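# A closer look at the structure
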Amino acid sequence: MEILDARAEWKKVSDAQWYGELFNNLLKNRLVLQSCDQFGGTVLHFLCRSKNCSNDAFAQILSCLPNSTIEIITNDGRSCLHYATGVSGNLSFVRQILERCPDLAGKETHDGLSPLHSALMKKNNDSFEIVHALLMAYPEAITWREHSGNLLPLHLACQYDHDADTIQLLCAVCNSAAACSDKGKSKATRRKIKEKKP
């Protein structure tokens, strides 16, 4: 991938709300669409952090990109799916990315964060559906521990006060996650699970 000041181009289109002539020009400019910025990110990484991109605009851009561009990982090991789950929390973005590149659900950052971990570190109205979509794509991530605190996704769900449905979904996918016994986390996790049960 050629590195140019693609971020400046993306910012201009973002300022125009991903709409109009600037947006249409971006869709025609494959070089800018498929370039990386100085952090190794693509237009999708940028979009997944954006609060002003519509689901339709995202779909249009995604349709212009080859899978090899969608699968690009930033310098710190993040995929566009990490940003869609952990920054924007946009369920439509998550589903669209998973439809094209489901293996991204199994990518870890340098810190050991999967997109599932990222989703659980941010709570929003679509958290349950995002977690469900990620587990459908890559259920093995339920047993992965992030590096800094050695936490399973279930621990993060409890720590970030996710609802009972999300916690029960995580437990249903992997009962052994609830039985984890290292570093005293299981007691706190089991207490949170009991508190969340209806």
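Residues numbered from 1 in each chain as written. Predicted model: local features only at pLDDT ≥ 70, side-chain atom pairs only at ≥ 80, totals over all residues. Heavy atoms only, no water.

### Thoughts on the overall build of the chain
The secondary structure content of the chain amounts to 14 helices and 0 strands. Secondary structure elements in the chain, listed N-terminal to C-terminal, are α-α-α-α-α-α-α-α-α-α-α-α-α-α. Within the chain, the proportion of its 198 residues that are buried is 50%. Across the chain, contacts joining residues at least 24 apart in sequence account for 72% of those joining residues at least 6 apart. (Helix = DSSP H or I, 4+ residues; strand = E, 2+ residues; numbered from the N terminus. Buried < 20%, exposed > 50% of the residue type's maximum accessible area, 1.4 Å probe, protein only. Contact = heavy atoms within 4.5 Å.)

### Describing the packing of aromatic side chains
In this description, an aromatic ring pair is defined by two values, namely the gap between the centres and the angle between the planes. Under the defined criterion, the tally for this structure stands at 4 aromatic pairs. Grouping aromatic residues by their ring pairs yields a cluster made of Trp10, Trp18 and Phe46. In this structure, Arg49 is placed above the aromatic ring of Tyr83, and the distance from its NZ or CZ to the ring centre is 4.8 Å. (Phe/Tyr/Trp six-rings, centres within 6.5 Å; stacked < 30°, edge-to-face > 60°. Lys NZ or Arg CZ within 6 Å of the ring centre and 35° of its normal.)

### Re the state of the cysteines
Should the sulfur atoms of two cysteines be covalently bonded, the bond is a disulfide. On inspection of all chains with the given rule, the structure shows 0 disulfides. The structure places no disulfide on Cys158, whose sulfur is separated from the nearest cysteine sulfur, that of Cys171, by 7.3 Å. Judged by relative accessible area, Cys158 falls into the buried class, the value being 4%. (Disulfide = S-S within 2.5 Å.)

### So, helix H7 (residues 80-88)
With 7 of its 9 residues buried, H7 lies for the most part within the structure. Looking at the residues trailing H7, positive phi occurs at Gly89, about 60°.

### Focus on unusual backbone geometry
The phi dihedral of Asn150 falls on the positive side, at around 60°, and the residue is not glycine. Phi at Asp161 is positive, roughly 55°, even though this residue is not glycine. With relative accessibility at 37%, the residue Asp161 sits in the partly exposed group.

### So, the packing of helix H10 (residues 127-137) against helix H12 (residues 164-173)
At a minimum axis separation of 9 Å, H10 and H12 run at an interaxial angle of 15°. Relative to H12, H10 is oriented roughly parallel. Every pair of crossing elements has a handedness; the one defined by H10 and H12 is right-handed. Judged by residue contacts, Phe128, Val131, His132 and Leu135 of H10 engage Asp165, Thr166, Leu169, Leu170 and Val173 from H12. In the contact of H10 with H12, the residues fall into 6 nonpolar, 2 polar and 1 charged. (Axes fitted to C-alpha atoms, helices over the stretch in contact; angles between N-to-C directions. Parallel < 35°, antiparallel > 145°, perpendicular 65-115°, else oblique. Left-handed = near helix turned anticlockwise from the far one by under 90°. Nonpolar A, V, L, I, M, F, W, Y, C, P; charged D, E, K, R; others polar.)

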